[in-house]
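# Coordinate analysis (summary)
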2 protein chains.
Amino acid sequence: MSFRDFTNQMVSMEEICRDLYRRHRKSIKIKKEEVVIKNLVTIFNATLELSNQKGFHAMSLRDLCRETELSMGALYSYFTSKEELVDIIQNQGRQVVMKVLLEQINRGSTPREKLHIAISTHLYLSEVMKQWFYFSFMETKNLSKDEQRKSIESELFTEKMFIDILEDGNRENCFEVQNSVLTGSLIKAMLQDWYLKRWKYSKRNITVDEYAEFIIRLIETFITPSSNK
Amino acid sequence: MSFRDFTNQMVSMEEICRDLYRRHRKSIKIKKEEVVIKNLVTIFNATLELSNQKGFHAMSLRDLCRETELSMGALYSYFTSKEELVDIIQNQGRQVVMKVLLEQINRGSTPREKLHIAISTHLYLSEVMKQWFYFSFMETKNLSKDEQRKSIESELFTEKMFIDILEDGNRENCFEVQNSVLTGSLIKAMLQDWYLKRWKYSKRNITVDEYAEFIIRLIETFITPSSNK
DNA sequence: GTCTATAGTGCGATAGAC
DNA sequence: GTCTATCGCACTATAGAC
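Report on the accompanying structure. (Residues numbered from 1 in each chain as written. Chains lettered and ligands numbered in written order. Predicted model: local features only at pLDDT ≥ 70, side-chain atom pairs only at ≥ 80, totals over all residues. Heavy atoms only, no water.)

## Things to note about the relation of the copies chain B and chain A
- Relative to chain A, chain B is turned by 180° and slid 0.0 Å along the rotation axis, the superposed coordinates differing by an RMSD of 0.0 Å. What we have between these two chains is a two-fold relation.
- Mapped onto chain A, 100% of the interface residues of chain B are again interface residues, and the two copies thus contact each other with one and the same surface. (Least-squares fit on C-alpha atoms with pLDDT ≥ 70 in both. Contact = heavy atoms within 4.5 Å.)

This is the structure:
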């Protein structure tokens, strides 16, 4: 699947917010669904934008009022504290990422196919949700201890996904991976660079499909048994 | 050179601060060199520690007073504003990193040797100065536009160092690199992971020498001409 | 050279009007 | 459902005592 195909079937911010609202109906004061969705989308986008410019802590709620064109009082109808706002964004984003990743990987049948899909999908996700990925990485250390723990768990879970694919490949003799844990970590490190250094790749006009292909080629060269070369 | 050899010849925080003081004597009010060095070391270490826990912006000067056991007034004898403090740390760190990297690379004679040295030295530096590397990465976006520019330049400069080594290797036929820019970027991405995800590698008891060797092996597999295999 | 005290600003959060 | 007004607090920075 190319990036274009991926975006066409990817869920929109509206759908994500609608899902969020339906699961948290109790804690949001406003009752008209369409009003909630519209404002939630505005609030989340503005928060991601402002936080990625200056950091979540440095973003004041007055900044957020200006950007969303909502008043202080209106904002507080959608969350109960600034800290809850960051927690909601982190949790909802993680859930979407996990869901999409697992769905896509299950479409592959061989370890080689699964590896390609896992790498591409992770990159495509971080391209569609680039603001969220950057935000999630940069703000983790400012979360409560409990939310930090969830964030670390999620990092290790996606890494484990790669490690498992590599080890399956070893068992089926299509790969020859000597250190699957380190190899998995390095794959994640390279995927991460795509959203942490987005400015660099944009300036060089490197597309996400080119980047995906390149990483896949690098990793395949490393893990393909010499007899298959 | 192993990590142990590297640490033995690496400059200490005292020397770094002494150098800093001698170049900025005018803007620091205190006149007794030994007092200045001692307090600067304390202030920088405390700033790195606190910032890496909660972010520089979230670290209040009262936090810094507590940690350094200096008063507000005393702190302001060493810098003129909170922003200047972050700028000094960023600039001094960058200078040390550049100096050490260039010194070490010039010791290598072949591209292959230079590549090994560049990768190891970058990792060793980020191990000795792990707090600074993490700080530098996380706080760049909170700097003034001018300091941000310097930070980006420095990132691109070290990346260029890798790209140049790869292209030298191409010319001398010891490497066969098809996309030196992307390859250089990915090397940087993997080096970066060592200090951004330090907790992960510590927990797994992976040493910096093991990590260096692994990256070198991965990259060499990718860029060694097939006729040499 | 270091301290304490305080000025001045802007923050997160809420109550009550509309 | 949204707004304005306001409270109490924590912040950076400085002035002047020791």
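## Focus: the protein's contact with DNA strand C
- By nearness alone, 19 residues border DNA strand C, and L61(A), Y76(A), K32(B), S71(B) and Y78(B) come closest of all.
- Protein-proximal atoms of DNA strand C, defined as those within 4 Å of the protein, fall in sugar or phosphate at a share of 63%.
- Contributions of two or more residues to the surface near DNA strand C are made by α4 (61-68) of chain A together with α3 (33-54) and α5 (72-75) of chain B.
- Split by residue class, the surface near DNA strand C holds nine nonpolar, six polar and four charged. (Near = heavy atom within 4 Å. Helix = DSSP H or I, 4+ residues; strand = E, 2+ residues; numbered from the N terminus. Nonpolar A, V, L, I, M, F, W, Y, C, P; charged D, E, K, R; others polar.)

## Regarding the nonpolar core
- Among the nonpolar cores identified, the biggest contains 151 residues, and L115(A), Y211(A) and L115(B) are the most heavily contacted of them.
- Once you skip the residues sitting within four places of it in the chain, Y211(A) turns out to touch L123(A), M190(A), D193(A), W194(A), Y201(A), I206(A), L182(B) and L186(B). (Core = buried A, V, L, I, M, F, W, Y, C linked by side-chain atoms within 4.5 Å. Buried < 20%, exposed > 50% of the residue type's maximum accessible area, 1.4 Å probe, protein only.)

## A word on the protein's contact with DNA strand D
- By nearness alone, 21 residues border DNA strand D, and K32(A), S71(A), L61(B), R62(B) and Y76(B) come closest of all.
- When the atoms of DNA strand D within 4 Å of the protein are grouped by moiety, sugar and phosphate amount to 61% of the total.
- One of the side-chain N or O atoms of S60(B) is found 3.5 Å from a phosphate oxygen in DNA strand D.
- Elements represented by at least two residues in the surface near DNA strand D include exactly α3 (33-54) and α5 (72-75) of chain A together with α4 (61-68) of chain B.
- With three residues, the single largest contributor to the surface near DNA strand D is α5(A).
- Its residues placed into classes, the surface near DNA strand D shows ten nonpolar, six polar and five charged. (Polar contact = N/O pair within 3.5 Å; in protein donor to acceptor, adjacent residues only side chain to side chain.)

## Some remarks on empty space enclosed by the protein
- Tallied over the full model, the rule gives one cavity of 30 Å³ or more.
- Taken together, 18 residues make up the lining of the largest cavity; nearest its centre are G55(A), N142(A), G55(B), E139(B) and N142(B).
- Secondary-structure elements contributing two or more residues to the lining of the largest cavity are α8 (130-139) of chain A together with α8 (130-139) of chain B.
- Residues belonging to the lining of the largest cavity are distributed by class as follows: six nonpolar, six polar and six charged. (1 Å grid on protein atoms, 1.4 Å probe; cavity = no way out; pocket = protein on both sides within 12 Å on 5 of 7 lines; lining within 4 Å. Points joined across faces, edges and corners; volume = space filled by probe spheres on them.)

## Some words on the interface of chain B and chain A
- Listed by partner, the interface residues are 42 residues for chain B and 42 residues for chain A.
- Taken over both partners, the interface formed by chain B and chain A buries close to 3900 Å², and the fraction arising from carbon and sulfur atoms is 69%.
- Looking only at chain B, the three residues that lose the most surface to chain A are K141(B), F214(B) and F222(B), adding up to 18% of its buried area.
- Where chain B meets chain A, there are eight salt bridges.
- The salt bridge involving E159(B) is made with K200(A); its shortest N-O contact spans 2.5 Å.
- Remark: the boundary between chain B and chain A carries 17 residue pairs in polar contact (both at pLDDT 80 or more).
- Elements with a contribution of two residues or more to the side of chain B that touches chain A: α3, α8, α9 (145-171), α10 (180-196), α11 (198-203) and α12 (208-223) of chain B.
- Element by element, the count of residues in the side of chain B that touches chain A is highest for α10(B), at ten residues.
- Residue composition of the side of chain B that touches chain A, grouped by class: 20 nonpolar, twelve polar and ten charged. (Buried area = accessible area lost by both parts, 1.4 Å probe. Salt bridge = Lys/Arg side-chain N within 4 Å of Asp/Glu carboxyl O.)

## Focus on the pattern of salt bridges
- Summed over the entire model, instances satisfying the criterion amount to 42 salt bridges over all chains.
- Across the pair K188(A) and E155(A) runs a salt bridge, and its minimum N-O distance is 3.4 Å. Residue K188(A) is located in helix α10 (residues 180-196), and its partner E155(A) is located in helix α9 (residues 145-171); the two are separated by 33 residues in the primary sequence.
- According to the relative accessible area criterion, E155(A) is buried, its value standing at 11%.
- The residue E153(B) makes a salt bridge to R149(B) at a minimum N-O spacing of 2.9 Å. With E153(B) and R149(B) both in helix α9, this residue pair falls four residues apart, about one helical turn.
- Residue classification places R149(B) among the partly exposed positions, given a relative accessible area of 40%.

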